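Per-entry structural report
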Amino acid sequence: MCAGFGFGPGTRGTFVRPGGEEDALEGLGELAQLTVTNEADATYDQISTKENFRKTWTAKYTLRSHFDGVRALCFHPQEPTLITASEDATLKLWNLQKTVPAKKSASLDVEPVYTFRGHLGPVLCLAMNSDGEKCYSGGIDGTIRIWNIPSSNIDPYDSYDPSVVGGSLSGHTDAVWGLTFHAQRHHLLSCGADSTVRLWSADARNPLLYTYAVEKDGIPTSVDFVYESTNQFVCSFNTANCVIFDLETGKPVMRLDTEPDQGSNSLNRQINRVVSHPTLPLTITGHEDRHIRFWDNNSGRLVQSMVAHLDSVTSLAVDPNGLYLLSGSHDCSIRLWQLDSKQCVQEITAHRKKFDESIFDVAFHPSKPYIASAGADALAKVFV
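As the structure is a prediction and not an experimental result, all values here were calculated from the model.

**Overview of the overall build of the chain**
When its secondary structure is counted, the chain shows 0 helices and 28 strands. Relative to its 384 residues, the chain shows a buried fraction of 58%. Counted over contacts in the chain with a minimum sequence separation of 6, partners at least 24 positions apart contribute 52%. Here the chain displays about 16,000 Å² of accessible surface, and carbon together with sulfur accounts for 50% of that area.

If you want it as structure tokens, here you go:
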């Protein structure tokens, strides 16, 4: 992302890079002994949930249509479709069943079936509701826009349909860096560079339910609902703080013990992404200092810290069963980790670098065997 767009989680230009190319192999810790096992003969077994993602992922679809870096992506809950958000100020809807053969590889190119226009600058984050009918996007313009997702079989050359635009949520006064939707509560949570986290009921007459002022911990970079608790959320900050808050009172419930651990000798430990485990009291953070860290929500203590990539960890996703973790990095790779053993089971070089940045987002499909990555090279890729 160009420096002119300002700062942000996973963004280069404003923050000093921890070290340089020459120290990329120093302090790798666990990574130095990491053995990446790509099991070519493994099969996808839909019966066994334990082995649900124990397979070798290969690039199948390349999504090219954006004119600038792809900042975020999210899959439809049931269908083989996804939405991407870009620094070119647009969102695009993709149907993976509408493909054309790629010219130079075995993968398939996908053309977007719809382009959403409305933001006045780069779109930074996305969330989709539980039935896949609405999408929410946050931008550098400080707005959260609501979109009624059209049919994935829409003709891209149809005339403009004004019903797609579902309005906007106003409140943030600076860039919106993170969005997450709670399927059971039907609430949306956002965090912004204005040092606030906001809770929304997007369909209500007065959608803003609560504003949490969190400036004393820094600028929020990422936010997620704590799924094993009904009334908590976790927020990460550019200061490396990470705090679990009560949704109803806005007060901190647990401060994760993010004081520098012995395995880290880096100055910049900014957290670029925080995710909550779907079934366990576990918080996972991806850091600027190349680490992934695991935290116990009950004690706030660090469970494990590992150097996971050769560059900043920009994005994380946990599969719906809570068995695997997907991470993306500015080192151009995405890595799949088995959560119980914390071992890397596959590494994929997915995107090219642009202005020292590479991968901005990763995602698991909620119900189908797809994973995806979004990159600074203006591409999104889907793996099967």
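**Concerning the confidence of the model for the chain**
For the chain, per-residue confidence averages 83 on the pLDDT scale, and 83% of positions sit at 70 or higher. Every residue in residues 1-7 scores below 50 in pLDDT, and together they form 19 contacts with partners more than four places removed in sequence or on other chains. A low-confidence stretch, residues 13-51 stays under pLDDT 50, and its non-local contacts, those more than four residues away or across chains, total 66 contacts.

**Re the pairing of strand β18 (residues 271-276)**
β18 sits mainly inside the fold: 6 of its 6 residues count as buried. Sheet topology places β18 next to strand β19 (residues 282-287); 5 bridges connect them, and they run antiparallel. Bridge assignment links Val274 to a residue of β19, and that residue is Thr285. Between β18 and β19, which pair antiparallel one after the other, the connecting turn spans 5 residues.

**A word on the sheet that holds β19**
With antiparallel pairing, the 4 strands of this open sheet are ordered in space as β18-β19-β20-β21. What marks the edges here is a single partner per strand, and that holds for β18 and β21 (302-307). Strand-to-strand twist of the sheet, defined as the mean angle between neighbouring strand axes without regard to direction, takes the value 15°.

**Quick look at the UniProt feature "repeat: WD" (unreviewed entry) in the chain**
Here, UniProt's "repeat: WD" (unreviewed entry) annotation points to residues 63-104, 116-149, 169-210, 264-305 and 306-347. Secondary structure across residues 116-149 divides into 0% helix and 56% strand, with the first and last C-alpha atoms of the span separated by 9 Å.

**Let's talk about the sheet that holds strand β12 (residues 196-200)**
One open sheet accounts for 4 strands, arranged β10-β11-β12-β13; its pairing is antiparallel. Each edge of the sheet is formed by a strand with only one pairing partner; in this case those strands are β10 (176-182) and β13 (208-213). With direction set aside, neighbouring strand axes in the sheet form an average angle of 15°. With 5 bridges joining them, β12 and β13 adopt antiparallel strand pairing. Of the residues in β13, the one forming a bridge with Val197 is Tyr212.

**Topic: the packing of aromatic side chains**
Geometrically, a pair of aromatic rings is defined through the distance of the ring centres and the angle of the planes. Here the structure, examined in full by the defined rule, presents 8 aromatic pairs. Seen from their ring centres, Phe75 and Tyr370 are 6.3 Å apart, and the 15° between their planes marks the pair as stacked. Of the two residues, Phe75 sits in strand β2 (residues 70-75) while Tyr370 sits in the loop between β26 (359-364) and β27 (371-375), which places them 295 residues apart along the sequence. Ring geometry for Phe233 against Phe245: centres 5.2 Å apart, planes inclined by 20°, an arrangement best described as stacked. Here the residue Phe233 occupies a position in strand β15 (residues 232-237), and Phe245 occupies one in strand β16 (residues 242-246), the gap between them amounting to 12 residues.

**Topic: the nonpolar core**
Counting residues in each nonpolar core, the largest one holds 18 residues, and the members touching the most others are Leu189, Val197, Tyr212 and Phe233. Looking at this core element by element, the count peaks at 3 residues for β15. Apart from residues lying up to four places away in sequence, Leu189 is in contact with Gly178, Leu179, Thr180, Val197, Arg198, Leu199, Tyr212, Val223, Asp224, Phe225, Phe233 and Leu247.

**Quick notes on unusual backbone geometry**
Unusually for a residue other than glycine, His186 sits at a positive phi of about 60°. Relative to the elements of secondary structure, His186 occurs in the loop between β10 and β11 (187-192). The exposure class assigned to His186 is partly exposed, which follows from its relative accessible area of 46%. The backbone of Lys342 shows a phi angle near 60°, a positive value even though the residue is not glycine. Mapped onto the secondary structure, Lys342 falls in the loop between β24 (333-338) and β25 (343-349).

**A few points about the pattern of salt bridges**
This structure, assessed with the given rule, holds 10 salt bridges. Measuring nitrogen to oxygen at the nearest pair gives 3.0 Å for the salt bridge that ties Asp68 to Lys354. You can see Asp68 sitting in the loop between β1 (59-64) and β2 and its partner Lys354 sitting in the loop between β25 and β26, a full 286 residues away along the chain. Classification of Lys354 as partly exposed rests on a relative accessible area of 30%. Notably, a salt bridge pairs Asp194 with Arg198, separated by 3.7 Å at the nearest N-O pair. When sorted by exposure, Asp194 lands in the same class as Arg198, which is buried. When salt bridges that share partners are traced, they join Asp311, Lys353 and Asp356 into one network.

**Details of the environment of Pro320**
Looking at the element boundaries, Pro320 is found in the loop between β22 (313-318) and β23 (324-329). On a C-alpha basis, the gap between Pro320 and Pro278 in space is 7.0 Å, while along the polypeptide they are 42 residues apart.

Thresholds, definitions, all that
- Residues numbered from 1 in each chain as written.
- Predicted model: local features only at pLDDT ≥ 70, side-chain atom pairs only at ≥ 80, totals over all residues.
- Heavy atoms only, no water.
- Helix = DSSP H or I, 4+ residues; strand = E, 2+ residues; numbered from the N terminus.
- Buried < 20%, exposed > 50% of the residue type's maximum accessible area, 1.4 Å probe, protein only.
- Contact = heavy atoms within 4.5 Å.
- Areas by Shrake-Rupley, 256 points an atom, 1.4 Å probe, with all protein chains shown as cover.
- pLDDT = per-residue confidence, 0-100.
- Pairing = 2+ DSSP bridges.
- Axes fitted to C-alpha atoms, helices over the stretch in contact; angles between N-to-C directions.
- UniProt positions renumbered as here; feature names shortened; annotations may be inferred.
- Phe/Tyr/Trp six-rings, centres within 6.5 Å; stacked < 30°, edge-to-face > 60°.
- Core = buried A, V, L, I, M, F, W, Y, C linked by side-chain atoms within 4.5 Å.
- Salt bridge = Lys/Arg side-chain N within 4 Å of Asp/Glu carboxyl O.

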